Amino acid sequence: MDPGISLILIIVGGVVAFFLLLYLLPVNLWFTAQLSNVKISLLNLVLMRLRKVPPSLVTNAMITSTKAGLRITSNEIETHYLAGGNVNKVIKALISADKANIPLDFKLATAIDLAGRDVFDAVQLSVNPQVINTPPVAAVAKDGIQLIAKARVTVRANINQLVGGAGEETILARVGEGIVTTIGSSINHKEVLENPDRISKTVLSKGLDSGTAFEILSIDIADIDIGENVGAKLQTDQAEADLKVANARAEERRAMAVANEQEMRAKAQEAKAKVIEAEAQVPMAMAEAFRNGNLGVMDYYKMQNIQADTDMRTSIAKPGGNDKGKS
């Protein structure tokens, strides 16, 4: 082999070996850590590389925390990184909490981060409270007047309850429930309009932030509008329902009366038919009496005179019968 080519290969191999050595032995990181008064060994940096942990991430995190006066070991940072946490946000959150005198240790911060919450935003929310606007909440006072209230809830993060604590939706639901309860217990809507702070005091006294990730600082009623007269509407609907029931019962009674009338008419027709049938048998009975000798001629004329007298009395009793009798 040509000596020139061999020399080039040796140089290239040496350069590659040098860079590989620099990769495995991050001397620059170790030197930077020593200058920043961070106690970390070169062997530890090499082992981080073998454990697939970025040495630069751990070293920079330790430098930042040390400069901020925090005591965090490299093993704690490695463990959090291998667990899938965000190391930079945890360090920033710890520094912010320390400067704001908020009690927050590394264990709690990593637990909050691994729970899926942004620990740095949580610390910022503890320092700078957040205002939550509730949607319009409608409630009815005892006098039947509907009131529509809007509230502004000032909250800050409760660091100790961030893991497993309820969120913003629970706060809104509980505040809405408190508003409905307060308005519903008022004798009339004028009391609520005159003293809207009564709603705030009542809701705050219930301890609505228990079990949540927030601490309620204040509840302010932003607006109260008068809605419908629900009581009058319910009374109107009840009156309409009662009217329909009464009409149905009246129609039922009318139908029963019509049925009774038809039944009476049928009975009357049946009685008339029986009378006509009986009258048709009278001549036959008289003929039978003549044949048997039970009825004489004088008896027959006497009966005819009685019948004529009865017809005359009947005609006189009818309207216009007197005129006929006189004529």
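What this report covers is the structure whose coordinates are included nearby. On a predicted model such as this, the values are computed, not experimentally measured, just so you know.

### Some words on the nonpolar core
In this structure, Leu94, Leu104, Ile159, Ile179 and Ile183 are the most contacted members of the largest nonpolar core, which totals 57 residues. With 7 residues, the single largest contributor to this core is helix α6 (residues 87-99). Taken domain by domain, the makeup of this core includes at least three residues from each of domain 1 (21-126) and domain 2 (130-228). Not counting chain neighbours up to four residues away, the residues in contact with Ile159 comprise Ile102, Leu104, Leu108, Ile112, Ala122, Val123 and Ser126.

### Re the pattern of salt bridges
Counted according to the given criterion, the structure contains 11 salt bridges. Residue Lys233 is joined to Glu228 by a salt bridge in which the shortest nitrogen-to-oxygen separation is 3.9 Å. The exposure class of Glu228 is partly exposed, given its relative accessible area of 46%. Across the pair Lys274 and Glu270 runs a salt bridge, and its minimum N-O distance is 3.8 Å. In this pair, Lys274 and Glu270 are both assigned in helix α12 (residues 230-292), 4 residues apart and thus about one turn of the helix distant.

### Observations regarding helix α9 (residues 168-184)
Counted at 1.5 Å a residue, the expected span for α9 with its 17 residues is 24 Å, and the 24 Å between its end C-alpha atoms agrees. Listing the buried residues of α9 in full gives Ile171, Val175, Gly176, Gly178, Ile179, Thr182 and Ile183. The buried side chains of α9 occupy one side of the element, clustering within an arc of 160 degrees when seen end-on. Residues of α9 that are exposed and point over 90 degrees away from its buried face: Glu169, Ala173 and Glu177. Summarising the contacts, the buried residues of α9 are in contact with β2 (137-140), β3 (145-157), α10 (189-194), α11 (197-204) and β4 (214-229).

### Here's the deal with the environment of Leu94
Mapping Leu94 onto the fold places it in helix α6. When the C-alpha atoms of Leu94 and Ala109 are compared, they prove to be 7.3 Å apart, with 15 residues separating the residues in sequence. Excluding its chain neighbours within four sequence positions, the residues that come into contact with Leu94 are Leu70, Ile72, Leu104, Asp105, Phe106 and Ala109.

### A short note on the packing of α9 against α11
At a minimum axis separation of 9 Å, α9 and α11 run at an interaxial angle of 125 degrees. If you check the angle between α9 and α11, you find them oblique. Along this stretch, α9 crosses α11, giving a crossing that reads as right-handed. Residues Val175, Gly178, Ile179, Thr182 and Ile183 of α9 pack against Arg198, Ile199, Thr202 and Val203 of α11.

### Topic: the pairing of β3
Pairing geometry for strand β1 (residues 130-133) and β3, over 4 bridges, is antiparallel. The residue bridging Val131 from the neighbouring strand is Thr154, located in β3. Sheet topology places β2 next to β3; 4 bridges connect them, and they run antiparallel. Among the inter-strand pairings, Val137 is bridged to a residue of β3, identified as Ala149. A loop of 4 residues connects β2 with β3, the two strands running antiparallel in sequence, and Gly144 in this loop sits at a positive phi of about 90 degrees. Pairing geometry for β3 and β4, over 12 bridges, is antiparallel. Along β4, the bridge assignment pairs Ala157 with Phe214.

### What to know about a nonpolar patch on the surface
A cluster of nonpolar side chains, Val27, Trp30, Phe31 and Leu35, forms an exposed patch at the surface whose accessible area comes to about 390 Å². Position of Trp30 among the secondary structure elements: in helix α2 (residues 27-35).

### Regarding unusual backbone geometry
The phi angle at Lys52 is positive, at roughly 60 degrees, despite the residue not being glycine. Counting through the fold element by element, Lys52 comes out in the loop between α3 (42-50) and α4 (55-67). Taking the relative accessible area as the measure of exposure, Lys52 reaches 73% and is therefore exposed. Of note, Asn101 is a non-glycine position whose phi angle comes to about 60 degrees, a positive value. Structurally, Asn101 can be placed in the loop between α6 and α7 (106-114). Residue Asn101 is classed as exposed on the basis of its relative accessible area, which comes to 70%.

Rules and cut-offs
Residues numbered from 1 in each chain as written. Predicted model: local features only at pLDDT ≥ 70, side-chain atom pairs only at ≥ 80, totals over all residues. Heavy atoms only, no water. Core = buried A, V, L, I, M, F, W, Y, C linked by side-chain atoms within 4.5 Å. Buried < 20%, exposed > 50% of the residue type's maximum accessible area, 1.4 Å probe, protein only. Helix = DSSP H or I, 4+ residues; strand = E, 2+ residues; numbered from the N terminus. Domains from an automatic or database assignment. Contact = heavy atoms within 4.5 Å. Salt bridge = Lys/Arg side-chain N within 4 Å of Asp/Glu carboxyl O. Expected span 1.5 Å × (residues − 1). Arc of directions from axis to C-beta. Axes fitted to C-alpha atoms, helices over the stretch in contact; angles between N-to-C directions. Parallel < 35°, antiparallel > 145°, perpendicular 65-115°, else oblique. Left-handed = near helix turned anticlockwise from the far one by under 90°. Pairing = 2+ DSSP bridges. Patch = residues over 30% accessible without salt bridge, like charges linked within 9 Å, V, L, I, M, F, W, Y side chains within 5 Å. Areas by Shrake-Rupley, 256 points an atom, 1.4 Å probe, with all protein chains shown as cover.

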